[in-house]
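Residues per chain, in single letters:
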Amino acid sequence: MITMIKPLIVGNWKSNKTIAETEDWFRRFQHPGIELGAEIILCPAFTALERAKICIERRQLPIKLAAQDISPYPSGAYTGEISGELLKGLVSFVLIGHSERRIRFKETDFILKEKVLQAKQVGIEPIYCIPDEHTKIPEQVNIVAFEPISAIGTGQPDTPEHADAIAVEIKKRSPDIRCIYGGSIKPDNVVSFLHKEHIDGVLPGGASLDPLTFYELIKNAAGIPEAKAITSPF
Ligand code: PGA
């Protein structure tokens, strides 16, 4: 069965794109009709968030922004940290617990829960990433991204069937959770995941870096026509 609400498509740029490259991405991003079939969220680096916001407003794009991380502490004497208060007004969402942070930066369930609480306190919605169905999920979380480590950046996605089965497990904890899948999502495999009953969206990393590839992915996911067909040449 095809998901009835619009799929969530969350593009994670990771530690890529300068301010100039961010501007260039928006200059080249096609957008006719995208709002019709998908809810789109982009996660630039902290340094590019403000420019991305300006580009979105200038072009009136139906794209929301997410930070890739948030401090587990409030504003104050925490050198190098970006608190929820600093992100307020800039983003609507935040990625929390991505495997790259769990593994490389040793982020624990305790720290991640503190991050969720900080985000919630300022009205930013966490997108909580988990590598498997055994990972703890804080009860305040409404959006969970299942991202098996073996599928991240490898070109070897999970099977849609297995990802759907994990989504079923996650939704057993709370049926209202939106469950998205991430790990080597590309324009040509996105539909096979979104056609699964319990998968409410996708989280592409590499495939969001090129604006035309990302548009292609959204187009396939949302079932909207070719941009060429509906864009004026002028
Ligand atoms: P990938 O990354 O699409 O490049 O595999 C996904 C992610 O890590 O969020």
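The structure we're discussing is the one just above.
From a predicted model like this one, the values you see are computed outputs, not experimental measurements.

A. Spatial organisation of the packing of helix α1 (residues 19-28) against helix α3 (residues 46-59). Direction vectors running N to C along α1 and α3 enclose 25 degrees, while the axes themselves pass 9 Å from each other. What the angle tells us is that α1 and α3 run roughly parallel. Pair α1 / α3 crosses with right-handed handedness. From α1, Ile 19, Thr 22, Glu 23, Phe 26 and Arg 27 reach across to α3, where they touch Thr 47, Ala 48, Arg 51, Ala 52, Cys 55, Ile 56, Arg 58 and Arg 59. Broken down by class, the residue content of the contact of α1 with α3 amounts to six nonpolar, two polar and five charged.

B. Geometry of the site of the ligand. What surrounds the ligand is a group of 13 residues, the closest being Lys 14, His 98, Gly 153, Ser 184 and Gly 205. A distance of 2.7 Å separates an oxygen atom of the ligand from a polar side-chain atom of Lys 14. The contact in question runs from an oxygen atom of the ligand to an N or O atom on the backbone of Ser 184, over 2.8 Å. A total of 280 Å² of accessible area belongs to the ligand in isolation, and the protein chains cover 97% of it. Here the shell around the ligand is built from residues that sort into four nonpolar, seven polar and two charged.

C. Structural view of unusual backbone geometry. Backbone geometry at Lys 14 places phi at a positive 55 degrees, although glycine is not the residue there. Its place among the elements puts Lys 14 in the loop between β1 (8-12) and α1. A positive phi angle is found at Gln 60, which is not glycine, with a value near 50 degrees. By secondary structure assignment, the location of Gln 60 is in the loop between α3 and β3 (63-67). The class of Gln 60 is exposed, set by a relative accessible area of 71%.

D. Region of the structure containing the sheet that holds strand β4 (residues 93-96). Strand order in the closed barrel made by the eight strands is β1-β2-β3-β4-β5-β6-β7-β8, with parallel pairing throughout. Sheet topology note: the strand β2 (residues 39-43)/β3 ladder contains three bridges and is parallel. Following the sheet pairing, Leu 42 is matched in β3 by Leu 65. Contacts between helix α9 (residues 211-222) and the sheet are confined to β1, β2 and β8 (201-202), with β1 contributing the most and set at about 165 degrees to the helix.

E. Spatial organisation of the nonpolar core. Formed by 54 residues in total, the largest nonpolar core has its most connected members in Phe 26, Phe 29 and Ile 170. Examining the composition of this core, we find that six residues originate from one element, α9, more than from any other. In this structure, Phe 26 is in contact with Trp 13, Leu 42, Ala 52, Cys 55, Ile 56, Arg 59, Leu 61 and Ile 63, ignoring residues within four places of it in sequence. By size, the runner-up hydrophobic cluster in this structure holds 13 residues, among which are Leu 8, Cys 43, Ala 145 and Leu 203.

F. View of the pairing of β3. The element β3 is extensively covered by neighbouring structure, given that four of its five residues are classed as buried. Direction of pairing for β3 relative to β4: parallel, over a ladder of two bridges. Along β4, the bridge assignment pairs Ala 66 with Phe 93.

How each quantity is defined
Residues numbered from 1 in each chain as written. Predicted model: local features only at pLDDT ≥ 70, side-chain atom pairs only at ≥ 80, totals over all residues. Heavy atoms only, no water. Axes fitted to C-alpha atoms, helices over the stretch in contact; angles between N-to-C directions. Helix = DSSP H or I, 4+ residues; strand = E, 2+ residues; numbered from the N terminus. Parallel < 35°, antiparallel > 145°, perpendicular 65-115°, else oblique. Left-handed = near helix turned anticlockwise from the far one by under 90°. Contact = heavy atoms within 4.5 Å. Nonpolar A, V, L, I, M, F, W, Y, C, P; charged D, E, K, R; others polar. Near = heavy atom within 4 Å. Polar contact = N/O pair within 3.5 Å; in protein donor to acceptor, adjacent residues only side chain to side chain. Areas by Shrake-Rupley, 256 points an atom, 1.4 Å probe, with all protein chains shown as cover. Buried < 20%, exposed > 50% of the residue type's maximum accessible area, 1.4 Å probe, protein only. Pairing = 2+ DSSP bridges. Core = buried A, V, L, I, M, F, W, Y, C linked by side-chain atoms within 4.5 Å.

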